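Structural overview for review
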Protein chains: 2
Amino acid sequence: MTAQAPTQRLGPEDGLARVFELAQQLRVDSVRASTSAGSGHPTSSLSAADLMAVLMTRHLRYDWDDPGNPANDHLVFSKGHASPLLYAMFRAAGVVGEDELVDTYRRFGARLQGHPTPVLPWVDVATGSLGQGIAYAVGIALAGRDLEAQPYRVWTLCGDSEMAEGSVWEAVDKAGRHRLANFTAVVDVNRLGQCGPTELGWDIAAYARRVEAFDCRAITVDGHDLEAVDRALTIASDGQAPTVVVARTVKGQGVTEVADHEGWHGKPLPPELAERAVAELGGVRNLLARGPRPPAGTRVQRQPAGPVELPRYEVGEAVATRSAFGKALAALGARPDVVVLDAEVGNSTHTEDFKKACPERYVQTYIAEQQMIATAVGMAARGYRTYAATFAAFLTRAHDFIRMAAVSQATVALCGSHCGVEIGADGPSQMGLEDLAMMRAVHGSTVLYPADATSATALTAAMADLPGISYLRTTRGAYPVLYAPDETFPVGGSKTPRRSDRDTVTLVGAGVTLHECLAAADRLADEGIRARVVDLYSVKPLDGETLARSARETGALVVAEDHHPEGGIGEAVQSALTAQRLAPTLTHLAVTVLPGSGTTAELLDEAGISRAHIARAARELVQR
Amino acid sequence: MTAQAPTQRLGPEDGLARVFELAQQLRVDSVRASTSAGSGHPTSSLSAADLMAVLMTRHLRYDWDDPGNPANDHLVFSKGHASPLLYAMFRAAGVVGEDELVDTYRRFGARLQGHPTPVLPWVDVATGSLGQGIAYAVGIALAGRDLEAQPYRVWTLCGDSEMAEGSVWEAVDKAGRHRLANFTAVVDVNRLGQCGPTELGWDIAAYARRVEAFDCRAITVDGHDLEAVDRALTIASDGQAPTVVVARTVKGQGVTEVADHEGWHGKPLPPELAERAVAELGGVRNLLARGPRPPAGTRVQRQPAGPVELPRYEVGEAVATRSAFGKALAALGARPDVVVLDAEVGNSTHTEDFKKACPERYVQTYIAEQQMIATAVGMAARGYRTYAATFAAFLTRAHDFIRMAAVSQATVALCGSHCGVEIGADGPSQMGLEDLAMMRAVHGSTVLYPADATSATALTAAMADLPGISYLRTTRGAYPVLYAPDETFPVGGSKTPRRSDRDTVTLVGAGVTLHECLAAADRLADEGIRARVVDLYSVKPLDGETLARSARETGALVVAEDHHPEGGIGEAVQSALTAQRLAPTLTHLAVTVLPGSGTTAELLDEAGISRAHIARAARELVQR
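All values derive from a computational prediction rather than experimental measurement.

Re the overall build of chain A
Counting its secondary structure elements, chain A contains 23 helices and 23 strands. Computed over its C-alpha atoms, the radius of gyration of chain A comes to 28 Å, within 12% of the 25 Å expected for a compact globule of 624 residues. For the C-alpha atoms alone, the extent of chain A along its principal axes is close to 90 × 50 × 40 Å. Residues classed as buried in chain A amount to 71% of the 624 residues present. In chain A, of all internal contacts separated by at least 6 residues, the share reaching a separation of at least 24 is 78%. Carbon and sulfur atoms provide 48% of the accessible area of chain A, an area that totals close to 18,200 Å². Where the 59 positive side-chain charges of chain A centre and where its 74 negative ones centre are 2 Å apart.

Next up, the structure:
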């Protein structure tokens with residue numbers, strides 16, 4: 001199965017008969033790569049090979065020698081499992097060698113992973129969780145048109161099974177609403193999913209109706225009729241409307257023994273069958289396909305950053321951290337790379353402060369949290385520093401997108417407001433009580449949870465320069481400012497607002513429980529018990545050193561958090577101490593009840609995380 | 001603001017002028033409750049009052065004296081923030097008193113919470129996270145028609161803002177696909193969201209196009225024209241098609257000072273304005289509204305449960321836990337209350353074994369994980385024991401639904417397959433590395449993670465009788481059966497497959513790492529180090545007693561897990577030991593790298609959780 005033919009160049013000027021040769025090469029290479037790997041999705045690759053052959057030779061304007069060219073079109077494989085096809089395209093483009101494709105696909109340490117990730121320079125975002133690539137594509141297209149005024153187009157290849165994901169319709173809705181004429185999705189309707197026929201089968205008219213109802217242009221086409229495909233992609237490129245090309249295809253097209261057969265999803269062809277398949281497909285080819293080049297770069301120079309003047313707060317004034325977050329964002333607007341996204345709660349999260357300052361870099365995604373995160377990730381792929389905010393509870397809606405953003409190694413700042421039982425009367429549906437567990441467990445994440453406006457301001461600003469996924473947890477109510485404006489809050493640090501040399505217990509809090517810890521320390525002081533108080537504003541990374549010192553010096557800790565006991569601050573503290581081979585006596589207070597409505601004070605008390613409970617726990621530890 | 005008029009009865013036979021009086025009463029009571037509470041959403045209630053007045057007097061067939069009547073229609077407020085309206089309906093039905101409505105709404109300990117939850121006997125599911133109620137309604141409707149053959153209808157009230165959620169379109173798609181003629185959604189298109197105009201404003205034709213494209217019947221209507229509303233609901237009840245009534249309404253309808261005004265979302269009317277509003281609405285009324293009664297119950301007696309004969313496995317044979325899960329499910333099919341749901345990966349999770357045994361209780365939701373969970377929760381509200389399974393990684397897609405299911409105190413069994421780097425070549429997009437953190441942090445959850453087929457079988461069966469949200473984590477690869485068929489695996493227990501009186505270290509694993517721990521113990525034994533091995537098949541609740549005993553007896557623990565370090569087994573173990581005031585030396589091995597593709601062995605080793613790493617960590621602890 002080694003290459004026979006000499007390298008032959010293929011370009012936009014070549015006829016469709018030659019493009020078909022390329023399609024067959026893509027098929028052959030998809031079969032070869034997956035059979036060699038012993039896993040992968042050849043049949044899902046074969047169905048889309050004609051579509052991609054036409055795209056890459058005639059429509060995708062891409063400088064393969066310079067993937068960093070800002071005018072390059074973008075191609076997102078929303079059906080990430082068709083990675084053999086994508087990698088076969090890379091081989092056809094001459095940027096991946098035959099050996100790498102055939103011998104390293106899906107192997108340990110290889111960059112040609114089972115599903116595409118941005119370890120490859122031609123891949124913007126990781127895919128493989130279905131219904132996501134199209135959503136990122138919307139973000140990339142929006143950045144190109146509205147932020148950068150770049151001429152690039154964004155192409156995305158979707159599977160038909162993934163059209164059952166609601167997130168796809170959030171994406172199509174936004175493409176339509178924003179009239180993203182630089183956006184084209186190609187849906188590979190091969191009729192067969194993992195478990196048999198898809199929901200809509202080959203009813204391409206049904207897909208088209210849905211697309212049009214969501215205000216995009218739909219073009220139906222036979223996905224193996226190269227002329228029709230070429231026509232459809234030409235129309236899609238006319239700059240008139242966001243377009244979804246709905247292509248009827250055959251899964252396994254070109255290989256009689258598997259074409260349109262059930263039972264061949266996600267299975268490599270066994271070696272003998274692969275050999276017959278390659279023969280049927282006309283054997284190994286060595287076509288080098290180079291399509292149109294991007295238009296000469298019209299890179300708009302970003303405005304130079306103005307001075308960022310962060311708000312300052314007086315110690316003692318009552319300010320909500322969510323409000324401080326909003327005001328800090330508005331100040332950060334002086335940086336032209338900062339973009340803020342809302343899911344129609346901007347007057348609650350206070351992102352609307354940024355909207356007032358920089359309306360041109362404020363993106364309203366309405367109540368579509370998945371698309372909010374996807375837009376942020378797409379824009380991040382273009383180099384923007386995106387902040388996306390909603391209620392902490394509703395970030396769970398986008399958990400899979402956040403997880404995948406980490407696989408993309410994207411840089412995105414998230415804010416979850418209205419955390420914990422602190423919010424009061426709205427009740428449990430609105431209370432973020434799982435968000436710390438969710439965000440801590442994200443690969444490479446940073447988790448911040450300020451207790452006052454000064455620290456919230458500093459941490460919001462710090463997030464603009466943090467790599468990876470960072471998360472700021474903000475609180476609904478207003479609490480006294482604790483820190484003077486010039487205090488610093490390094491990520492991974494902590495504060496010790498109350499300490500003496502004779503402390504016999506350490507109270508660890510963050511956010512609202514830090515204020516409860518301070519109040520508890522006052523009560524304990526009245527009783528002659530000296531309590532140290534640690535403000536754990538940086539939950540991940542954690543200031544293990546300060547905690548260890550406090551543990552050693554006071555011998556006992558009370559950790560109180562407005563979160564369920566699992567995966568939050570208490571467990572983070574225990575992990576940090578265990579890692580240092582320390583084991584102080586520790587009482588962990590967290591929300592174990594199912595809360596209802598009530599005032600903040602009532603709910604904190606019911607949950608066992610109020611000043612009274614903290615003081616009692618400390619008393620018990622000291623008196624033990 | 002106390003009641004003036006005597007109680008007057010109102011029923012289906014009354015004219016629409018009287019129904020309008022009821023609508024005004026619902027408005028007055030919505031205003032009164034929220035003003036008294038000092039929070040809530042009166043304007044979002046006022047827009048839908050006419051719709052609900054017509055529904056409750058003429059169409060909702062409900063025995064208010066017996067909410068447990070299985071033939072009762074269901075009403076789900078997908079726009080849960082309109083709780084004042086829902087509770088005003090309860091007052092109009094005579095099941096909630098005026099005092100309770102006006103004086104307890106949103107108060108601590110009250111059942112009339114900020115958003116509806118099933119602590120109220122007339123509420124099936126908790127709502128308040130938008131885009132969910134309509135999805136649960138689909139599940140309830142599906143149960144009524146396909147499982148129970150009950151004549152009830154399911155009504156759901158949606159807001160227009162939530163129509164931007166992809167989950168809504170998953171729900172409409174499923175209502176259409178299943179031709180759920182017992183399903184009606186009423187969309188209250190009041191044009192104004194939390195932050196100003198909604199995406200589609202008053203374009204009710206656009207909503208109708210989308211609904212029809214997703215194969216439901218759409219009826220557009222002026223939501224304040226009672227006759228038109230009555231006509232629409234009559235059509236919706238004709239048993240012909242799933243229907244979405246798209247109603248053009250005015251936010252704050254009936255109160256001139258707020259009607260169609262921006263800036264009044266989620267704000268109670270200040271007392272003086274409330275007084276003027278009540279006056280404008282005609283003052284306090286005391287109408288007792290009773291609509292049609294449900295048809296005489298035709299409760300189908302469920303088949304008596306057949307004997308559940310669980311599969312048995314020989315110690316030593318290689319079986320994947322996902323396979324054992326599927327076979328156990330098939331056996332549990334003998335219980336007629338068991339329903340299994342798939343998101344088009346049933347041949348991977350092995351739920352398809354159940355499909356073969358009980359196709360009539362197998363629900364294919366295609367790749368729509370949110371709707372899969374919602375259908376499970378909706379069916380659980382009808383008393384079914386639902387199991388829903390997909391890849392562990394893709395359960396994150398439904399995190400918000402799982403969170404809300406816990407608020408509903410629903411009983412649902414979940415299974416996440418393909419956990420961890422163990423899956424190998426498919427790469428990080430398919431690896432569940434956050435699922436334990438997610439599932440542990442769910443209120444009242446049970447988290448199980450069997451290492452072999454025998455325990456997987458027993459735990460799958462145990463889930464059928466567990467209350468709340470339970471979760472089973474299964475593994476892709478086949479591993480030796482460790483336990484004889486008659487071993488028991490109580491929830492909250494553990495196994496100690498390797499132990500002696502001279503153990504100097506305890507190795508704690510679950511799933512694949514349990515096998516790695518056993519292999520490491522073998523290596524250590526060769527070196528003369530006796531290692532105890534604990535199988536933590538029950539991650540929540542955790543067998544703290546056994547861990548504490550092992551910690552005391554061996555003095556050192558190594559915990560290895562195929563999961564990110566945050567929120568998983570390692571932190572669960574540390575929490576359990578801390579709670580017992582124990583602090584053994586503990587080394588925690590977890591996945592901190594961003595994995596790629598590779599073989600299981602390569603990836604376990606790269607992640608530092610392989611037998612070699614476990615043995616090394618144990619060695620270091622023993623030699624310290």
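Examining the sheet that holds strand E8 (residues 243–248) of chain A
Residues and elements named next belong to chain A. Reading across the sheet, the 5 strands line up as E2-E3-E4-E8-E7 and stay open at both edges, with parallel pairing between neighbours. Taken across any chain shown, the strands that pair with only one partner, and hence form the sheet edges, are strand E2 (74–77) and strand E7 (217–222). Taken over all neighbouring pairs, the strand axes of this sheet differ in orientation by 20 degrees on average, direction set aside. In this fold helix H3 (residues 49–59) packs onto E2, strand E3 (154–159), strand E4 (183–189) and E8, with an angle of close to 175 degrees to the strand it touches most, E3.

Topic: helix H11 (residues 321–332) of chain B
Residue and element names in this part refer to chain B. Relative to the 16 Å expected for 12 residues at 1.5 Å per residue, H11 spans 16 Å between its end C-alpha atoms, a close match to the ideal helical length. By the criterion of burial, H11 is predominantly enclosed, with 10 of the 12 residues buried. For H11, the full list of buried residues reads Thr321, Arg322, Ser323, Ala324, Phe325, Gly326, Ala328, Leu329, Ala331 and Leu332.

Some points on the pattern of salt bridges
Per the counting criterion, the structure on display carries 84 salt bridges over all chains. Salt bridges sharing partners connect three or more residues here, namely Asp173, Lys174 and Asp215 of chain A together with Glu199 and Arg210 of chain B.

Notes on the interface of chain B and chain A
Contact with chain B, which involves 98 residues of that partner, is made by 98 residues of chain A. A buried area of about 8,000 Å², summed over both sides, lies between chain B and chain A, and 48% of it is on carbon and sulfur atoms. Three residues stand out in chain B for area buried against chain A, namely Phe108, Glu199 and Arg397 of chain B, and they jointly supply 10% of the buried area on that side. Where Glu566 of chain B meets Lys540 of chain A, a salt bridge forms, and the shortest distance between an N and an O atom there is 3.3 Å. Taken together, chain B and chain A are joined by 66 residue pairs in polar contact (both at pLDDT 80 or more). Residue composition of the side of chain B that touches chain A, grouped by class: 33 nonpolar, 39 polar and 26 charged.

Quick word on the side chain of Ser550 of chain B
Residue and element names in this part refer to chain B. Structurally, Ser550 is set in helix H20 (residues 544–554). Take Ser550: its relative accessible area is 2%, and that puts it in the buried class. The contact partners of Ser550, leaving out residues within four places of it in the chain, are Thr506, Arg532, Val534 and Gly555.

A word on the state of the cysteines
All names here are of chain B. Scanning all chains against the criterion turns up 0 disulfides over all chains. Left unpaired, Cys358 is separated from the closest cysteine sulfur, that of Cys415, by 17 Å. For Cys358, a relative accessible area of 6% puts it in the buried group. Not engaged in a disulfide, the cysteine Cys419 finds its nearest cysteine sulfur in Cys415; these two sulfurs lie 9.3 Å apart.

What about the nonpolar core?
Core analysis: the biggest nonpolar cluster contains 266 residues, and Leu507 and Val573 of chain A together with Leu507 and Val573 of chain B have the highest contact counts within it. If sequence neighbours within four positions are ignored, Val573 of chain A has contacts with Val508, Leu536, Leu542, Leu547, Leu557, Val559 and Leu586 of chain A.

A short note on the layout of surface pockets
In this structure, the second largest pocket spans a volume of roughly 810 Å³. Considering the residues around the second largest pocket, the lining is formed by 44 residues, among which His41, Gln194, His265 and Gly266 of chain A together with Ser348 of chain B are closest to the centre. If you list the elements that add at least two residues to the lining of the second largest pocket, you get strand E5 (192–193) of chain A together with helix H12 (346–349) of chain B.

A closer look at the confidence of the model for chain A
This prediction gives chain A a mean pLDDT of 96; 98% of its residues lie at or above 70. Model confidence for the complex: the whole-complex pTM is 0.98, and ipTM, which rates the interface, is 0.98.

What about helix H20 (residues 544–554) of chain A?
Residues and elements named next belong to chain A. Listed in full, the buried residues belonging to H20 are Gly544, Thr546, Leu547, Ala548, Ser550, Ala551 and Thr554. Packing partners of the buried residues in H20 comprise strand E18 (495–498), strand E19 (505–509), strand E20 (531–535), strand E22 (556–560) and helix H21 (569–579). In the segment just after H20, Gly555 is the residue with positive phi, at about 80 degrees.

Some details on the environment of Arg624 of chain B
By the element assignment, Arg624 of chain B lies in the segment after helix H23 (611–622). Relative accessible area serves as the criterion here: at 57%, Arg624 of chain B is assigned to the exposed category.

Some words on the side chain of Thr474 of chain B
Mapping Thr474 of chain B onto the fold places it in the loop between strand E16 (469–473) and strand E17 (478–480). When near neighbours in sequence (up to four residues on either side) are disregarded, Thr474 of chain B contacts Thr321, Arg322, Phe325, Cys415, Gly416, Ser417, His418 and Cys419 of chain B.

Overview of the pairing of strand E16 (residues 469–473) of chain A
On a regular strand, each side chain points to the face opposite its neighbour's, so the side chains alternate between the two faces of the sheet. All names here are of chain A. Among the 5 residues of E16, 5 are classified as buried, and the element is accordingly described as predominantly covered. The two faces of E16 match: Ile469, Tyr471 and Arg473 on one face and Ser470 and Leu472 on the other face are all buried. Alignment of strand E14 (residues 412–417) against E16, held across 5 bridges, turns out to be parallel. Paired with Leu414 across the two strands is Tyr471, which belongs to E16. Summarising the sheet, strand E15 (residues 446–448) and E16 pair through 3 bridges and their orientation is parallel.

Here's the deal with the pairing of E7 of chain A
As paired strands, E7 of chain A and E8 of chain A are joined by 6 bridges and run parallel to one another. When the bridges of E8 of chain A are listed, Val221 of chain A appears paired with Ala247 of chain A.

Focus on the packing of helix H1 (residues 16–37) of chain A against H3 of chain A
Relative placement of two packed helices is described by the angle separating their axes and the distance separating the axes. Residues and elements named next belong to chain A. Close contact between H1 and H3 brings their axes to 8 Å; oriented N to C, the two are set at 125 degrees. By the angle between their axes, H1 is oblique relative to H3. As H1 packs across H3, the resulting crossing turns out to be right-handed. Here H1 contributes Leu16, Val19, Phe20, Leu22, Ala23, Leu26 and Arg27 to the contact with H3, which in turn contributes Ala49, Asp50, Met52, Ala53, Val54, Met56, Thr57 and Arg58. A per-class count over the contact of H1 with H3 returns 11 nonpolar, 1 polar and 3 charged.

Remarks on the environment of Pro271 of chain A
Residue and element names in this part refer to chain A. By secondary structure assignment, the location of Pro271 is in helix H10 (residues 271–280). With a relative accessible area of 55%, Pro271 lands in the exposed category. For the pair formed by Pro271 and Thr249, sequence separation is 22 residues and the distance between their alpha carbons is 25 Å.

Concerning the sheet that holds E19 of chain A
Residue and element names in this part refer to chain A. Strand order across the open sheet formed by 5 strands is E18-E20-E19-E22-E23, with mixed pairing between neighbours. Edge strands, defined here as strands with exactly one partner in the open sheet, are E18 and strand E23 (585–589). On average, adjacent strands in this sheet sit at an angle of 25 degrees to one another, irrespective of strand direction. Across the sheet, H21 is in contact with E19, E22 and E23; its angle to E23 comes to roughly 160 degrees.

Let's talk about the packing of helix H6 (residues 133–148) of chain A against helix H14 (residues 369–381) of chain A
Residue and element names in this part refer to chain A. Relative orientation of the contacting elements H6 and H14 amounts to 55 degrees, with a least axis distance of 7 Å. Relative to H14, the element H6 is oriented oblique. Read as a crossing pair, H6 and H14 show a hand that is right-handed. Judged by residue contacts, Ala135, Tyr136, Val138, Gly139, Ile140, Leu142, Ala143 and Leu147 of H6 engage Gln371, Ala374, Thr375, Val377, Gly378 and Met379 from H14. Partitioning the contact of H6 with H14 into residue classes produces 10 nonpolar, 4 polar and no charged.

Focus: the relation of the copies chain B and chain A
Screw-axis analysis of chain B against chain A gives a translation of 0.0 Å along the axis, an RMSD of 0.0 Å, and a rotation angle of 180 degrees. Expressed as a symmetry operation, the mapping of one chain copy onto the other fits a two-fold axis. Taken as a fraction of all interface residues of chain B, those also at the interface in chain A reach 100%, which identifies the copy contact as same-surface.

Conventions adopted
Residues numbered from 1 in each chain as written. Chains lettered and ligands numbered in written order. Predicted model: local features only at pLDDT ≥ 70, side-chain atom pairs only at ≥ 80, totals over all residues. Heavy atoms only, no water. Helix = DSSP H or I, 4+ residues; strand = E, 2+ residues; numbered from the N terminus. Rg over C-alpha atoms; globule rule 2.2 N^0.38 Å. Buried < 20%, exposed > 50% of the residue type's maximum accessible area, 1.4 Å probe, protein only. Contact = heavy atoms within 4.5 Å. Areas by Shrake-Rupley, 256 points an atom, 1.4 Å probe, with all protein chains shown as cover. Lys, Arg positive; Asp, Glu negative; His and termini not counted. Charge placed at Lys NZ, Arg CZ, Asp CG, Glu CD. Pairing = 2+ DSSP bridges. Axes fitted to C-alpha atoms, helices over the stretch in contact; angles between N-to-C directions. Expected span 1.5 Å × (residues − 1). Salt bridge = Lys/Arg side-chain N within 4 Å of Asp/Glu carboxyl O. Buried area = accessible area lost by both parts, 1.4 Å probe. Polar contact = N/O pair within 3.5 Å; in protein donor to acceptor, adjacent residues only side chain to side chain. Nonpolar A, V, L, I, M, F, W, Y, C, P; charged D, E, K, R; others polar. Disulfide = S-S within 2.5 Å. Core = buried A, V, L, I, M, F, W, Y, C linked by side-chain atoms within 4.5 Å. 1 Å grid on protein atoms, 1.4 Å probe; cavity = no way out; pocket = protein on both sides within 12 Å on 5 of 7 lines; lining within 4 Å. Points joined across faces, edges and corners; volume = space filled by probe spheres on them. pLDDT = per-residue confidence, 0-100. Parallel < 35°, antiparallel > 145°, perpendicular 65-115°, else oblique. Left-handed = near helix turned anticlockwise from the far one by under 90°. Least-squares fit on C-alpha atoms with pLDDT ≥ 70 in both.

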